[in-house]
Amino acid sequence: MAIEMTSPLKVKGLCKQYPAFRLEDVSFELVPGSITGFIGRNGAGKTTTINSILAFVKPDAGDISFFGMEYPEHDREIKEKIGFVSAGMTYYTRKKLKTITAVTKTFYPGWDDGAYRKWLNAFSLDEEKTPAELSNGMKIKYALALALSHGAELLILDEPTSGLDPVSREELVEIFLKLKDEGKTVFFSTHITSDLEKCADRILFLQEGKLKADEELETFRENWRIAECGKEIPEELKATAKGCCRVRDGYTVLIRKEEAGNTETRAASLEEIMIHLEKEGEEA
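As the structure is a prediction and not an experimental result, all values here were calculated from the model.

Basis of the calculations
- Residues numbered from 1 in each chain as written.
- Predicted model: local features only at pLDDT ≥ 70, side-chain atom pairs only at ≥ 80, totals over all residues.
- Heavy atoms only, no water.
- Core = buried A, V, L, I, M, F, W, Y, C linked by side-chain atoms within 4.5 Å.
- Buried < 20%, exposed > 50% of the residue type's maximum accessible area, 1.4 Å probe, protein only.
- Contact = heavy atoms within 4.5 Å.
- Pairing = 2+ DSSP bridges.
- Helix = DSSP H or I, 4+ residues; strand = E, 2+ residues; numbered from the N terminus.
- Expected span 1.5 Å × (residues − 1).
- Polar contact = N/O pair within 3.5 Å; in protein donor to acceptor, adjacent residues only side chain to side chain.
- Salt bridge = Lys/Arg side-chain N within 4 Å of Asp/Glu carboxyl O.
- Axes fitted to C-alpha atoms, helices over the stretch in contact; angles between N-to-C directions.
- Parallel < 35°, antiparallel > 145°, perpendicular 65-115°, else oblique.
- Left-handed = near helix turned anticlockwise from the far one by under 90°.
- Nonpolar A, V, L, I, M, F, W, Y, C, P; charged D, E, K, R; others polar.

*Asks:* Please provide a residue-by-residue account of the nonpolar core, values included.
*Replies:* Leu 144, Leu 155, Phe 176, Ile 203 and Phe 220 are the most contacted members of the largest nonpolar core, which totals 49 residues. Every residue in contact with Ile 203, bar those within four places of it in the chain, is listed here: Gly 37, Ile 39, Leu 196, Ala 213, Asp 214, Glu 215, Leu 217, Phe 220 and Leu 270. The next biggest cluster of nonpolar side chains, apart from the first, holds 24 residues, and it includes Val 26, Ile 50, Ile 53 and Tyr 71.

Here it is, written out as structure tokens:
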């Protein structure tokens, strides 16, 4: 008999209103031991969603639970099981890493010094350095080392590869895949979709505060096709287009696979799908 596993994160009906923006009825749940990519252009509401989930801001509506526990009612138990890593995280820039770690570990009864040493070695981190002496990529690795040393089973990553060079981004993607192999669940918010194509199992697509897609990565990609056109887009394509983009030799048009008919098309990348959907309704 199969054992049903509790979702590491379940969000239902999440709403948050600002004067110029509204996060509207966002609902999803994560599959244990998987990597979920959370995509959308800057300003789509990705960070607002994460800040609401983690109670950095108070949502206007919605239910949030981690591993079956309501948040923030079970704040302490939940924080032991999750790790948050953001490209915008800051530390005391002139304090040595070992000093920051010594303070951090006091907040976690389940802190594992052995695991911490393992991750320091794996990430080639020098405790005698300060955050000011670390590259952006090494700062992310240090944040991951802290999260993994207190036994985090769910990692929530907000734009962790933003601003990194391609080699550093590749290194982090490989780390995320290794964590998945160990049974960790990763929630990866980014607008760098090429990183997700290498590692994500599932895609959540947020557009103007609304969740437009929640699908397996390959299913999401297979639903769409790209037609390459010359200087003029045929009228029949304009009728079915979900967005058009200007390219060097003409236009690319996004259409649903079932509407392609006899039109010559090719597979669409995750980035192409997102960009074209954002341009839906604009005149070519």
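*Asks:* I'd like a rundown of the sheet that holds strand 13 (residues 250-256), residues and numbers included.
*Replies:* One open sheet holds the four strands; their spatial order is 12-13-11-14, and the pairing between them is antiparallel. Looking along the sheet, the strands with just one partner apiece sit at the ends: strand 12 (244-247) and strand 14 (266-267). As judged from the two bridges shared by strand 11 (residues 224-229) and strand 14, these two strands associate in the antiparallel manner. Directly across from Arg 225, in strand 14, lies its bridge partner Ala 267.

*Asks:* Any details on helix 6 (residues 166-181)? Residues and values, ideally.
*Replies:* Three or four residues apart is the spacing at which side chains of an α-helix point the same way, because the helix has 3.6 residues per turn. Given a rise of 1.5 Å per residue, 16 residues ought to cover 22 Å, and the 23 Å separating the end C-alpha atoms of helix 6 matches this to within 8%. Elements that come into contact with the buried residues of helix 6 comprise strand 3 (35-39), helix 4 (113-122), helix 5 (136-149), strand 7 (154-158), strand 8 (185-189) and helix 7 (193-199). For helix 6, the N-terminal cap is Asp 165; the gap from its side-chain oxygen to the backbone nitrogen of Val 167 is 3.0 Å. Directly beyond the C-terminal end of helix 6, a positive phi value near 95 degrees is found at Gly 183.

*Asks:* I'd like to hear about unusual backbone geometry, residue by residue, with values.
*Replies:* The backbone of Ala 55 shows a phi angle near 65 degrees, a positive value even though the residue is not glycine. Its place among the elements puts Ala 55 in the loop between helix 1 (46-53) and strand 4 (61-66). Even without being a glycine, Ser 124 presents a positive backbone phi close to 55 degrees. Structurally, Ser 124 can be placed in the loop between helix 4 and helix 5.

*Asks:* Provide a residue-level description of the pattern of salt bridges, including the pertinent values.
*Replies:* Enumeration over the complete set of coordinates arrives at 21 salt bridges. In this structure, the salt-bridge partner of Arg 117 is Glu 127, at a minimum N-O distance of 2.7 Å. Of the two residues, Arg 117 sits in helix 4 while Glu 127 sits in the loop between helix 4 and helix 5, which places them ten residues apart along the sequence. In this structure Arg 117 comes out as partly exposed when scored by relative accessible area, which is 43%. For Arg 266, the salt bridge goes to Glu 272, with nearest N and O atoms at 2.8 Å. Note on Arg 266: relative accessible area 28%, which makes it partly exposed. Within this structure, Arg 22, Glu 24 and Lys 210 form a network of salt bridges that share partners.

*Asks:* Tell me about the packing of helix 4 against helix 5, and please be specific about residues and values.
*Replies:* If you want to describe how two helices pack, look at the angle between their axes and the distance between the axes. Close contact between helix 4 and helix 5 brings their axes to 8 Å; oriented N to C, the two are set at 155 degrees. Taken as axis vectors, helix 4 and helix 5 run roughly antiparallel relative to one another. In this structure, the crossing between helix 4 and helix 5 has a hand that is right-handed. Every residue of helix 5 that contacts helix 4 at Ala 115, Tyr 116 and Trp 119 is listed here: Tyr 142, Ala 145, Leu 146, Leu 148 and Ser 149. Split by residue class, the contact of helix 4 with helix 5 holds seven nonpolar, one polar and no charged.

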